[in-house]
2 protein chains.
Amino acid sequence: MSVAATDTSNTRERILDAAESLFIEHGFAATSVRAIATKAGVNLAATNYHFGSKKGLFSAVFQRRVQPVNANRLKRLAALEHEAQVGKRQLTIRSILESFFEPLRYVDPGVPALIGRMYGEPESLTRPILEETFHEVAMAFQDALRLVLPHVPAEEIRWRFHFMIGSMIHLLQMHAPLGSESTHDAFTSGVPRLIDFVEAGLLRTHNGITHD
Amino acid sequence: MSVAATDTSNTRERILDAAESLFIEHGFAATSVRAIATKAGVNLAATNYHFGSKKGLFSAVFQRRVQPVNANRLKRLAALEHEAQVGKRQLTIRSILESFFEPLRYVDPGVPALIGRMYGEPESLTRPILEETFHEVAMAFQDALRLVLPHVPAEEIRWRFHFMIGSMIHLLQMHAPLGSESTHDAFTSGVPRLIDFVEAGLLRTHNGITHD
DNA sequence: CTAAAAGTCAAACGAACGTTTGAATGGCGC
DNA sequence: GCGCCATTCAAACGTTCGTTTGACTTTTAG
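Residues numbered from 1 in each chain as written. Chains lettered and ligands numbered in written order. Predicted model: local features only at pLDDT ≥ 70, side-chain atom pairs only at ≥ 80, totals over all residues. Heavy atoms only, no water.

(A) Quick look at the packing of helix 7 (residues 123-148) of chain A against helix 8 (residues 154-172) of chain A. Residue and element names in this part refer to chain A. Closest axis-to-axis distance for the helix 7/helix 8 pair is 10 Å, and the angle between their directions is 120°. In this view, helix 7 runs oblique relative to helix 8, as classed from their interaxial angle. Crossing geometry of helix 7 relative to helix 8 is assigned as right-handed. Along its contact with helix 7, which presents Ala138, Phe141, Gln142, Leu145 and Arg146, the element helix 8 presents Ala154, Ile157, Arg158 and Phe161. (Axes fitted to C-alpha atoms, helices over the stretch in contact; angles between N-to-C directions. Helix = DSSP H or I, 4+ residues; strand = E, 2+ residues; numbered from the N terminus. Parallel < 35°, antiparallel > 145°, perpendicular 65-115°, else oblique. Left-handed = near helix turned anticlockwise from the far one by under 90°. Contact = heavy atoms within 4.5 Å.)

Take a look at the structure:
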């Protein structure tokens, strides 16, 4: 078959799948290339052949999952802004937040966990990856928030966006509210609550930092 | 010298100090016992002698820093509740939040970073430590929040508290708002903003999940 | 003063690590 | 068929890991 060229990426994707689950469970440093190769059912050398190094594999695992999510976010936001310009729909905090969070609900359940894991790794490993991956999205959504919060200074919006990301990461990491058990259900039911929570935090009328 | 008895714990604390900074910077798995011993200026075997294992050391590093913070939190909350009973001061969300967050501002700058780091490690390593360390405090503060939010269901409070912790952790981890640089300043100025943010999120009038 | 206990030390243990090598294997155009 | 190139493979590279050992030194207690 002339399509047989996909056998090539078969090994690649088996490695990516195995690496993803192991990175999520044990983190980067505590996951060995040998364990990944064994779980993927490939030769030990295949990882370095296809991804250059363990770090290269780590970055590839992340990009594969996050890029579709970010593309979806930007697409939703663009559609939203277009509808707002045409007057078909109003631009609100809630609609912006939904553009940001909803894409997380319709992807492989491993994705949220992977993002959460990434934020838990030491900065020296993740900072370049995270900045490259999220800068465009973060800027676009903060711009949108500025439109609906014209009375809030830009720096204040940056902070509130920062806290919003924190709440999200914490949910993604499934440091779930002590008591619940299942992970995907917790995430599914958590997103609407998360939106409620951060909507209130973002809307908060700005009155500077008032110490009593 | 007869005062030389403190030489004993000197080794212990030098190990704890060295381990703390290395764990914060590189995480648990990527920090070697050898690197800790070298940085502390002690023999390699001293770590296992004093703490049993690398994991034991990790837990000890964490407990040393967090227990005073938690004690301070509970002490402030108890004082607050006493004043409320006597009628001297009103129990408010803000006063509860201040009891929770303010103790973080007057401790060694390494403490916030250490807590943030702990939440980034794989759950298999940290879950038992975190539950043991924070269960009492979490329960006490959620009880207090229930008093000032009598109309909000208990489970809803658990979720909001959960998001609050997420915002805090994110601040502690200094995944600072992209743009700022210094770490301690960002944390210091971040705490009041964090209180404003989560106060709004916690106060949010409960109306279930209302989509538009 | 003396014996036990606590602490420190250099050295070594076996195991596991990320990566590299060079030969074997497979499909593809010619 | 033959040569080319990407891929796979077993094996080994040197390094580093957490922990243990047993001798040595210091502190403590009677």
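Read on, since the account is not over.
(B) Quick look at the environment of Ser95 of chain A. Residue and element names in this part refer to chain A. Among the structural elements, Ser95 can be located in helix 5 (residues 93-101). For Ser95, a relative accessible area of 4% translates into the label buried. Each C-alpha atom of the pair Ser95 and Leu80 lies 7.7 Å from the other, and the pair is 15 residues apart in sequence. Beyond its immediate chain neighbours, meaning those up to four positions away, Ser95 contacts Leu80, Arg89 and Gln90. (Buried < 20%, exposed > 50% of the residue type's maximum accessible area, 1.4 Å probe, protein only.)

(C) Layout of the relation of the copies chain A and chain B. Each copy superposes on the other: chain A lies on chain B with an RMSD of 0.0 Å after a rotation of 180° and an axial shift of 0.0 Å. Classification of the inter-copy transformation places it as that of a two-fold axis. When C-alpha positions in chain A are compared against the rotation axis, the closest is assigned to Gly120 of chain A, at 1.8 Å. Interface overlap between copies is the fraction of interface residues in one copy that are interface residues in the other; for chain A against chain B it reaches 100%, indicating a shared surface. (Least-squares fit on C-alpha atoms with pLDDT ≥ 70 in both.)

(D) Highlighting helix 2 (residues 33-40) of chain B. All names here are of chain B. For helix 2, every residue scored as buried is listed here: Val33, Ile36, Ala37 and Ala40. On an axial view of helix 2, the arc spanned by its buried residues comes to 95°, and they lie on one face. With respect to the buried face of helix 2, the exposed residues turned more than 90 degrees away are Arg34, Thr38 and Lys39. Within two residues after helix 2, Gly41 carries a phi angle of roughly 70°, on the positive side. (Arc of directions from axis to C-beta.)

(E) Looking closely at the nonpolar core. Ranked by internal contacts, the top residues of the largest apolar core, which has 123 residues, are Phe101 and Ile115 of chain A together with Phe101 and Ile115 of chain B. Filtering out sequence-adjacent residues up to four positions away, Phe101 of chain A remains in contact with Met164, Met168, Val191, Leu194, Ile195 and Val198 of chain A. (Core = buried A, V, L, I, M, F, W, Y, C linked by side-chain atoms within 4.5 Å.)

(F) Quick look at the side chain of Asn70 of chain B. Residue and element names in this part refer to chain B. In this fold, Asn70 is placed in helix 4 (residues 54-86). Within the structure, Asn70 has its side chain in polar contact with the backbone oxygen of Thr133 (distance 3.0 Å). The contacts of Asn70, once residues within four sequence positions are left out, are Thr133, Phe134 and Val137. (Polar contact = N/O pair within 3.5 Å; in protein donor to acceptor, adjacent residues only side chain to side chain.)

(G) The arrangement of the interface of chain A and chain B in detail. Counting residues at the interface gives 52 residues for chain A, matched by 54 residues for chain B. In total, chain A and chain B occlude about 4700 Å² of area from one another, counting both sides; carbon and sulfur atoms represent 61% of this. Looking only at chain A, the three residues that lose the most surface to chain B are Phe163, Arg193 and Phe197 of chain A, adding up to 16% of its buried area. Where chain A touches chain B, the interface holds 2 salt bridges. With its nearest N and O atoms 2.6 Å apart, the salt bridge here joins Glu156 of chain B to Arg193 of chain A. The interface formed by chain A and chain B contains 7 residue pairs in polar contact (both at pLDDT 80 or more). Elements with a minimum of two residues in the side of chain A that touches chain B: helix 1 (6-26), helix 6 (110-120), helix 7, helix 8 and helix 9 (183-203) of chain A. Among the elements that line the side of chain A that touches chain B, the one with the most residues is helix 8 of chain A, at 14 residues. Within the side of chain A that touches chain B, the residues separate by chemical class into 22 nonpolar, 14 polar and 16 charged. (Buried area = accessible area lost by both parts, 1.4 Å probe. Salt bridge = Lys/Arg side-chain N within 4 Å of Asp/Glu carboxyl O. Nonpolar A, V, L, I, M, F, W, Y, C, P; charged D, E, K, R; others polar.)

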